[in-house]
Amino acid sequence: VNRILYSTDASLYQVMPYGVLLPRTMEDVQAAVELAAKYKVPILPRAGGSSLAGQATNEALIIDFTKHLNRVVEINAAEQWVRVQPGLVLDVLNRQLQAVGLKFGPDPASASRAALGGIVGNNSTGSHSVIYGMTADHLLEAEVFLSNGRIAHLAPLSAEQLAQQGQKAGFEGDIYRALCQIVENETNQAIIQQGTPRHWRRCGGYNLDRLMHSEAHPVSYHPKWPADRRFNLAKMMAGSEGTLAVFKELKLNLVPLPKASVVALVTFDDGLDALRAVPALLDLAPSAIELVDHLALTMCREVPEFSKMLDVLLEGNPTCMLTVEFYGDTEAELRAKISQLQQRVKNDVVGATAVNPLFDKIQQGYVWTIRKAGLGLLMSVRSDYKPIPFIEDSAVPVEHLAAYIEQIEAYCQALGTDIVYYAHASAGCLHIRPLINTKLGGEVDKLPLITRYAAELIREYGGAYSSEHGDGKARSWLNEDFYGKDLYGLYKQVKQAFDPDNILNPGNIVDAPPMTDSLRFGATYQTIPINTILDFEPDRGFGTAVEMCNGAGECRKTTIKTMCPPFMVTQDERDSTRGRANLLRAAMSGRLPEAEFTGKDVYDAMDLCISCKACKAECPSSVDMAKIKAEWLHHYYQANGTPLRARIFANIAPLSRLASGPLAPLLNFGSSLGLVQKLMAKTVGIGGKRPLPKFAAQSFQSWFNSHRSSSNGRNGRVVLFADTFNSYNYPDVAMAANEVLEAAGYEVILPRVTDTGRPALSKGLLKKAQSIADKVLTDLEPFAEAGLPIIFLEPSELSAIVDDYAVLLPQDGRLAQIKSHCFSFEQFMVEANASGKLDLQFAAGSRQVLLHGHCHQKALFGTEAMHGTLGLVPNTAVTEVDSGCCGMAGSFGYETEHFEMSLKMGERRLLTAVRQTSSDTYVVAAGVSCRQQIKFGAQRQALHPAQFLRQALVR
């Protein structure tokens, strides 16, 4: 199974490795390299597996550094450098560096999951390369395992030190002698000077030019990061893609955090005009210029979250925009730069329609969110024709940007292929992606044709064939043609010197196979048919929904947001959304013959998916693993039988209805007995270590029926959907909501149903979920027809109706109208306040609130309405914790085998944050599971927003 999980990266390719090693110590790594050398077994050092060119896949022993070998070894703030292990993720490093006002300069878009070993291995850069250059510019030293397993320290050497290295006996001395012979030979120097691309933004081949002593040779470097002329073999490691040595430790240069920044949006009605404008804007010394093209803007307009951002940022509907950013020390300096920009656009830029400067940090965040979202939205197209990465890594001098893209577009269109593109325009890097169906032989045949044409154009314009993402399988095959036989021959000598037995990630940079070998799909790719209960028609079938995962690995991030909660704890590939998708695809396509689609291996991978829906919102391709898992569970139960526990939770509503009321005290006493808890844990797998929720002696429905309303209904009627838990376990929440609504002047009505079918759906009992959904729609339809708001207290119940019912009952004509009348309690309160219909009176005083958002809230609605609702109470300061998932996930935290994992997810941030808050700070969470976890794990009573408002009302 692990071999399948590591057989892909973010590229076109899939190669089954020999095995996977997750070393705990560097001694483990050294032993592996020594054994590989002894038995001539290929090895592939790997980090986040986010490579776009296929260099993180190989028929080799894969060594994954990210789980254990991921520490910051030393930070020297005074000298501005850091020493790290290769498995450390860049965003994790930068978070630590914030405290000393520093960061690592290059900023690849994959920084949330890309580790420093891979970033150095690819010689990565990013949006700010125009000021920070390439990773090679910041790699100071490297401690490595050579291909024989011996440790070598690679650092800048004086002439005397270099001579000493050349006199060493043994393999390390041989390497120094070989490299010195290469770069000191005058003929070779001419070859290097002639064959190395002039463009400073380059990462292909090997960095022989960085070893040359002469300052006169014409190879260009980044103007702000001139080449260090001392002989430093560490520079050879940048861009080597694991083909020369295995990293043990890296010493990296750091840069100061910018003191202030401003972003200006320069809009155009013609994309080529935007590209032609770049040289004129570059003269103003921006920190970045990024292109967002028409298709990306159009697709952002179709997503409500991004559309709202664009409404704030832009007037009208421009075809494309250049995002121009400036760094500075003061706002006055930034305003001067904006003034220069506006004048330059007015005088020297053709086709610009507007310049919109943004000094507000939130609005600047919107810009970068949209910029990064563009590619994800393009990749989320539900079609076998995808924007494929294989020529996206080129860079040309900025004056040739428009001409280059015009020619590429014309060539691809002549082949019947459309392209999309976005650009680090300030560096001349064009991420061009042709839309190719790699399941069709005729389409696959286009890959080398387009690649060769692009390479010829790039060479003609003096550009770099690889400028950010490396050579890998996508580009290495053409290196001899692009660099010329002589320089390519020197590259082969470099490989031979470092790796004479060709065991280090063979087939990359030199001696590569054809680019169409080892494709993830290909003309022979097929999957078994899956007849689904849920509607996968918008995805073009269950298989295509799984195949939406392109391997980018966004689900492997551990620093921000929610996806993927179990991976954030275990850091096991199997527990990521990508891992689950890869395993499902392997089971459907026959790559996993030892495990059937409904076998144990797939079950083990799906088991920790907690259906949080974060992947639907945060995955660049919108892989909806919650939906996929629900469907898969249905098939698993069909093949293996439905366990009693799943049936119990799917029927929790009628069971809770029976258990509340007169029987509640007896049942609560029984469930608290240790013997009963042990018996339930052993027989059903429920409880044992975590107490089960108590049943209420008086349900909310019973209280409501005997309750005398305090409202005159002056503002109309509302429907309060009191879900199962808030009806039969925690009726005080529903009571508080009822009292707040009545105090606001609303007459409250209760529907008959309390369960939307969420438990049945999450447990894969899809037929039952459909039956429940039908009853819910029948019950709610009259309220929607009457135009009444239907208010939900529990986020997962609301998400069932507004999100899941569309795939449960896709043909039900009642759904659209009912959805349009459904609101969370917080959404309703904010909208009522905006319309002037709230005249609530709150007690005086100031209040501090720690807010935790429910996963479904964050994925589908956002937490803005939560902030707005809590802010209705004057002098309330709200701090939202970046807590990810609480870890309860409905029944998950009560299930015996998941108890420890549930707590670990909570402990990762949420429970620690709650414990650190003062006792007079309110802890607020809308989700019942979240409140249960906080109560158990942090011994604090969290409130529903309705309870917070009720407590603050003037009595």
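Basis of the calculations
Residues numbered from 1 in each chain as written. Predicted model: local features only at pLDDT ≥ 70, side-chain atom pairs only at ≥ 80, totals over all residues. Heavy atoms only, no water. Helix = DSSP H or I, 4+ residues; strand = E, 2+ residues; numbered from the N terminus. Rg over C-alpha atoms; globule rule 2.2 N^0.38 Å. Buried < 20%, exposed > 50% of the residue type's maximum accessible area, 1.4 Å probe, protein only. Contact = heavy atoms within 4.5 Å. Areas by Shrake-Rupley, 256 points an atom, 1.4 Å probe, with all protein chains shown as cover. Lys, Arg positive; Asp, Glu negative; His and termini not counted. Charge placed at Lys NZ, Arg CZ, Asp CG, Glu CD. Pairing = 2+ DSSP bridges. Axes fitted to C-alpha atoms, helices over the stretch in contact; angles between N-to-C directions. Salt bridge = Lys/Arg side-chain N within 4 Å of Asp/Glu carboxyl O. Parallel < 35°, antiparallel > 145°, perpendicular 65-115°, else oblique. Nonpolar A, V, L, I, M, F, W, Y, C, P; charged D, E, K, R; others polar. Phe/Tyr/Trp six-rings, centres within 6.5 Å; stacked < 30°, edge-to-face > 60°. Lys NZ or Arg CZ within 6 Å of the ring centre and 35° of its normal. 1 Å grid on protein atoms, 1.4 Å probe; cavity = no way out; pocket = protein on both sides within 12 Å on 5 of 7 lines; lining within 4 Å. Points joined across faces, edges and corners; volume = space filled by probe spheres on them. Polar contact = N/O pair within 3.5 Å; in protein donor to acceptor, adjacent residues only side chain to side chain.

A word on the overall build of the chain
- Per the secondary structure count, the chain includes 44 helices and 25 strands.
- For the chain, whose C-alpha radius of gyration is 30 Å, the value lies close to the compact-globule estimate of 30 Å for 955 residues.
- Expressed along its principal axes, the backbone C-alpha trace of the chain runs to roughly 100 × 65 × 55 Å.
- Here the chain holds 955 residues, and 62% of them are scored as buried.
- A separation threshold of at least 6 residues defines the contact pool for the chain, and within that pool the share at least 24 residues apart is 75%.
- With the model as given, the accessible surface of the chain reaches about 35,400 Å², and the carbon-plus-sulfur share is 51%.
- With 93 positive and 101 negative side-chain charges, the chain shows a separation of 6 Å between the mean positions of the two kinds.

Digging into the sheet that holds strand E9 (residues 246-253)
- Strand order in the open sheet formed by five strands is E4-E5-E9-E7-E8, with antiparallel pairing between adjacent strands. Each having just a single partner strand, strand E4 (72-76) and strand E8 (151-154) make up the two edges of the open sheet. Across the sheet, the axes of successive neighbouring strands diverge by a mean angle of 10°, strand direction being ignored.

Re the side chain of Arg931
- Along the chain, the position of Arg931 falls in helix H43 (residues 928-938).
- Despite its burial, Arg931 pairs with no opposite charge, the nearest such side chain being Glu794 at 5.2 Å.
- Leave out the neighbours within four places in its chain, and Arg931 touches Asn726, Val733, Ala925, Ala926, Ala942, Leu943 and His944.

Here we look at the packing of helix H38 (residues 825-834) against helix H44 (residues 945-952)
- At their nearest, the axes of H38 and H44 sit 9 Å apart, and the two run at 50° to each other. By the angle class used here, H38 and H44 are oblique. Every residue of H44 that contacts H38 at Phe825, Glu826 and Met829 is listed here: Pro945, Ala946 and Leu949.
- Within the contact of H38 with H44, the residues separate by chemical class into five nonpolar, no polar and one charged.

Details of the packing of aromatic side chains
- Evaluated as defined, the whole model comprises 19 aromatic pairs.
- Here the aromatic rings of Phe536 and Phe542 are separated by 5.2 Å at their centres, their planes lie at 70°, and the arrangement is edge-to-face. Across the pair, Phe542 and Phe536 agree in class, each one buried.
- One aromatic cluster is present, formed by Tyr206, Tyr465, Phe482, Tyr483 and Tyr491 through successive ring pairs.
- Positioned above the aromatic ring of Phe536, the side-chain terminus of Lys627 is 4.3 Å from the ring centre.

Thoughts on the pairing of strand E5 (residues 81-84)
- Across four bridges, E4 lies against E5 in antiparallel orientation. Paired with Ile75 across the strands is Val82, a residue of E5.
- Between the end of E4 and the start of E5, which pair antiparallel, lie four residues, with Gln80 showing a positive phi angle near 60°.
- The sheet contact formed by E5 and E9 spans four bridges and is antiparallel. Looking at the pairing, Val82 lines up with Leu252 of E9.

Some words on the pattern of salt bridges
- Applying the stated criterion to the full structure yields 54 salt bridges.
- The closest approach of N and O atoms between Glu468 and Arg201, which form a salt bridge, is 3.7 Å. One end of the pair, Glu468, is in the loop between helix H17 (446-460) and helix H18 (472-475); the other, Arg201, is in the loop between helix H8 (186-195) and helix H9 (234-237), and 267 residues separate them in sequence.
- A residue is classified by how much of its surface remains accessible, and Glu468, at 4% relative accessible area, is buried.
- Classification of Arg201 by relative accessible area gives buried; the value is 0%.
- Across the pair Arg645 and Glu897 runs a salt bridge, and its minimum N-O distance is 2.8 Å. Here Arg645, found in helix H27 (residues 644-650), pairs with Glu897, found in the loop between strand E24 (876-880) and helix H41 (899-908); they are 252 residues apart in sequence, far enough to count as distant.
- Among the ionic contacts, a cluster of salt bridges with common partners joins Lys613, Lys616, Asp624, Arg758, Asp803 and Asp804.

Regarding the sheet that holds strand E20 (residues 747-749)
- Ordered by their spatial adjacency, four strands build an open sheet running E20-E19-E21-E22, and the pairing between neighbours is parallel. A strand with exactly one partner marks an edge of an open sheet, and here the two such strands are E20 and strand E22 (822-824). Each neighbouring strand pair of the sheet contributes to a mean axis angle of 35°, computed without reference to strand direction.
- Note that strand E21 (residues 790-792) and E22 share three bridges and pair parallel. Its bridge partner being in E22, Ile791 is matched across the sheet by Phe823.
- In the packing of helix H33 (residues 731-743) onto the sheet, the strands contacted are strand E19 (717-721), E20 and E21, and the crossing angle to E19 comes to about 170°.

Topic: empty space enclosed by the protein
- Applying the stated criterion across every chain, the model contains ten cavities of 30 Å³ or more.
- Lys386, Ile388, Thr438, Phe521 and Glu547 are the residues nearest the centre of the largest cavity, which is lined by 21 residues in total.
- Considered class by class, the residues forming the lining of the largest cavity number ten nonpolar, six polar and five charged.
- Within this model, the second largest cavity holds a volume of roughly 100 Å³.
- Lining the second largest cavity are 15 residues, and of these Cys549, Ala552, Gly553, Cys619 and Pro620 sit closest to its centre.
- Of the residues that constitute the lining of the second largest cavity, the class distribution is eight nonpolar, five polar and two charged.

Notes on the environment of Lys361
- If you trace the backbone, Lys361 turns up in helix H14 (residues 361-379).
- Looking at Lys361, the relative accessible area reads 51%, which means it is exposed.
- Spatially, the C-alpha atoms of Lys361 and Gly845 are 30 Å apart, while their sequence positions differ by 484 residues.
- A polar atom in the side chain of Lys361 sits 2.9 Å from the side chain of Ser261.

Section: unusual backbone geometry
- Residue Cys564 is reached from Met563 by a cis peptide bond, and omega for that bond is -5°.
- Summarising the element assignment, Cys564 is placed in the loop between helix H21 (542-547) and helix H22 (565-570).
- Not every positive phi belongs to a glycine, and Glu241 is a case in point at roughly 55°.
- In this structure, Glu241 sits in the loop between H9 and E9.
- A positive phi angle, near 55°, is found at Ser622, a position not held by glycine.
- Positionally, Ser622 belongs in the loop between helix H25 (614-618) and helix H26 (625-640).

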